[in-house]
Amino acid sequence: MWLPLHRLCLRSRAVGRRSVGAALLECSGNRDAVVSHFSGPAGRSAQTCKALVFRDHGDPARVVQLEDLHLPPTGEKDVLVKFLAAPINPSDINMIEGTYAVLPDLPAVGGNEGVAQVIEVGSRVKSLKAGDWVIPRDAGLGTWRTEAVLAEDDVVSLPNDIPLLSAATLGVNPCTAFRMLADFEDLKPGDSVIQNAANSGVGQAVIQIAAARGINTINVIRDRPEFTQLSDRLKAIGASHVIKEEALRRPEMKELFKTCPKPKLALNGVGGKSATELLRRLQVGGSMVTYGGMSKQPVTVPVSALIFKDVKVRGFWVTQWKRDNSHDGNAFRAMLDELCSLIRKGKLTAPACTEVRLQDYHKALDAAMQPLISTKQVLIM
């Protein structure tokens, strides 16, 4: 779903409407130029946008550059949007490095997630109006930029009465957490879920969505100097138990399960030995769902877990879920509505974020790649 740079603002255009040469997004030589403001629906003065572009795969600090890109006219089924905020997720880094399952045609604009405001709509646009907040429907839209012309079908609206950071970080991690809690085991109040990477964006969303449903969470994080502070923060958003990776292999786990049911569901974002230990703690017939592999180690499944406990080992990728359900927008819409309802009630907050200006992207990329980081870097446009 990633598009070459010369097509990023031209999705769903009629073939032949413009020549390939005219469609090219030209980069100006002045990368510090100020982007003009829009004059309104009848016309706009801005002809360029600022964007974080990579023309080769590799180290983000080396290959990502802030450039000025040409903005095409708004077509009949297009919307002109101004991006407000966009996070830096591990998948964004992996795409730039060239190690992700979906890779862009180069050159490309980075960023899979973010929130934008509609500035102008084409004459045949039915579902959106100026002022609406929107997020991408699919990966690869290229959200690390100030403005864009997008097809109406490439975005979905969000209510603009939720916090900006919640909107900017809603489309990937909370959706991943929501689907994994809903689609693999029939969880009821009082049931338990165990997860590693509990301080990640997905992990924090799992804690909060589960707490809102009366589900216990056993949250595993790596040891670190600020373990107590992080544990307290996770408990403040609803975590039932917070333990270190090493505790999974110790006898005190038996004490924990005297007061907490063995989990029906394990959520694995790490892989390696951590995933194996999660499997050992599942109840008979439970499921382990892998959505990430931060350790870059394979998942090893003990034969005894398969034979004597009949555990199920599954995988989940929210991008594939969105594509599988693209024919029916109701499922995505219903999920977003429920998540936004939790946000309004104060039961689902954005992960801990550090806001960084787009111009300071080098600092944000460097921080996003540090180990044991506990805050998400969010680019503010």
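These notes cover the structure that comes with them. Computed from a predicted model, the values in this text were never measured in an experiment.

### Observations regarding the packing of aromatic side chains
Argument step 1. This structure, assessed with the given rule, holds 2 aromatic pairs.
Argument step 2. The interplanar angle of 75° and the centroid separation of 6.1 Å between the aromatic rings of Tyr 100 and Trp 317 together place this pair among those described as edge-to-face. Of this pair, Tyr 100 sits in the loop between helix H3 (90-97) and strand E4 (108-109) while Trp 317 is found in the loop between strand E14 (312-315) and helix H11 (318-324), placing the two residues 217 residues apart along the sequence.
Argument step 3. Tyr 100 sits in the partly exposed class, given a relative accessible area of 22%.
Argument step 4. Exposure remark for Trp 317: the relative accessible area of 27% places this residue in the partly exposed category.
Argument step 5. Pairing Phe 184 with Phe 316 gives two aromatic rings, centres 6.2 Å apart and planes at 90°, and the pair type is edge-to-face. Placement of the pair is Phe 184 in the loop between helix H5 (173-183) and strand E9 (192-195) and Phe 316 in the loop between E14 and H11, with a sequence separation of 132 residues. Like Phe 184, the residue Phe 316 is buried in the burial classification.
Argument step 6. Here Arg 213 stacks its cationic end above the ring of Phe 178, 5.0 Å away from the centre of that ring.
Argument step 7. Lys 262 extends its terminal NZ or CZ atom over the ring of Phe 257, reaching a point 5.8 Å from the ring centre.

### Re the sheet that holds strand E10 (residues 216-221)
Argument step 1. Spatially, 6 strands are ordered E11-E10-E9-E12-E13-E14 in an open sheet, and the strand pairing comes out parallel. The sheet is open, and its two borders are formed by strand E11 (241-244) and E14, each paired with just one other strand. Each strand of the sheet is rotated relative to its neighbour by a mean of 20°, with strand direction disregarded.
Argument step 2. Relative to E10, E9 is paired through 4 bridges, and the arrangement is parallel. Note that in E10 the partner of Ile 194 across the bridge is Ile 218.
Argument step 3. Across the sheet, helix H9 (residues 272-281) lies against E9, E10, strand E12 (265-268), strand E13 (287-290) and E14, angled at about 175° from E12, the strand it touches most.

### Considering the nonpolar core
Argument step 1. Val 115, Leu 158, Leu 181, Ile 209, Leu 265, Leu 336 and Leu 339 are the most contacted members of the largest nonpolar core, which totals 42 residues.
Argument step 2. In terms of residue count, helix H12 (residues 329-344) provides more of this core than any other element does, 7 residues in total.
Argument step 3. Aside from chain neighbours lying at most four places away, what touches Val 115 is Phe 83, Leu 84, Ala 85, Trp 133, Val 134, Ile 135, Leu 164, Ala 167 and Ala 168.
Argument step 4. Ranked by size, the runner-up nonpolar core spans 18 residues in total, among them Ile 194, Phe 257, Leu 279 and Val 311.

### Points about the environment of Thr 300
Argument step 1. Following the sequence through the fold, Thr 300 ends up in the loop between E13 and helix H10 (303-307).
Argument step 2. In contact with Thr 300, other than residues within four places in its own chain, are Thr 276 and Leu 279.

### Digging into the pattern of salt bridges
Argument step 1. By the definition in use, this model includes 18 salt bridges.
Argument step 2. Between Arg 179 and Asp 183 there is a salt bridge, with the nearest N and O atoms lying 2.7 Å from each other. Highlighted residues: Arg 179 and Asp 183, both in helix H5, separated by 4 residues, approximately one helical turn.
Argument step 3. On the accessibility criterion, Asp 183 (37% relative accessible area) is partly exposed.
Argument step 4. With a closest N to O distance of 3.2 Å, Arg 333 and Asp 337 form a salt bridge. Here Asp 337 and Arg 333 lie together in helix H12, a separation of 4 residues that amounts to about one turn.
Argument step 5. By relative accessible area, which is 23% here, Arg 333 ends up partly exposed.
Argument step 6. Here Asp 337 falls in the partly exposed class, since its relative accessible area comes to 41%.

### Describing the packing of H5 against helix H6 (residues 201-212)
Argument step 1. Contact pair H5 / H6: the axes reach a minimum separation of 8 Å and the direction vectors enclose 50°. The angle between H5 and H6 falls in the class oblique. Considering how the two elements wind past one another, H5 and H6 form a crossing that is right-handed. Judged by residue contacts, Asn 173, Pro 174, Thr 176, Ala 177, Phe 178, Met 180 and Leu 181 of H5 engage Gly 201, Val 202, Ala 205, Val 206, Ile 209 and Ala 210 from H6.
Argument step 2. Across the contact of H5 with H6, the residue classes break down as 10 nonpolar, 3 polar and no charged.

Calculation notes
- Residues numbered from 1 in each chain as written.
- Predicted model: local features only at pLDDT ≥ 70, side-chain atom pairs only at ≥ 80, totals over all residues.
- Heavy atoms only, no water.
- Phe/Tyr/Trp six-rings, centres within 6.5 Å; stacked < 30°, edge-to-face > 60°.
- Helix = DSSP H or I, 4+ residues; strand = E, 2+ residues; numbered from the N terminus.
- Buried < 20%, exposed > 50% of the residue type's maximum accessible area, 1.4 Å probe, protein only.
- Lys NZ or Arg CZ within 6 Å of the ring centre and 35° of its normal.
- Pairing = 2+ DSSP bridges.
- Axes fitted to C-alpha atoms, helices over the stretch in contact; angles between N-to-C directions.
- Contact = heavy atoms within 4.5 Å.
- Core = buried A, V, L, I, M, F, W, Y, C linked by side-chain atoms within 4.5 Å.
- Salt bridge = Lys/Arg side-chain N within 4 Å of Asp/Glu carboxyl O.
- Parallel < 35°, antiparallel > 145°, perpendicular 65-115°, else oblique.
- Left-handed = near helix turned anticlockwise from the far one by under 90°.
- Nonpolar A, V, L, I, M, F, W, Y, C, P; charged D, E, K, R; others polar.

Honestly, it's all geometry; don't read function into it.
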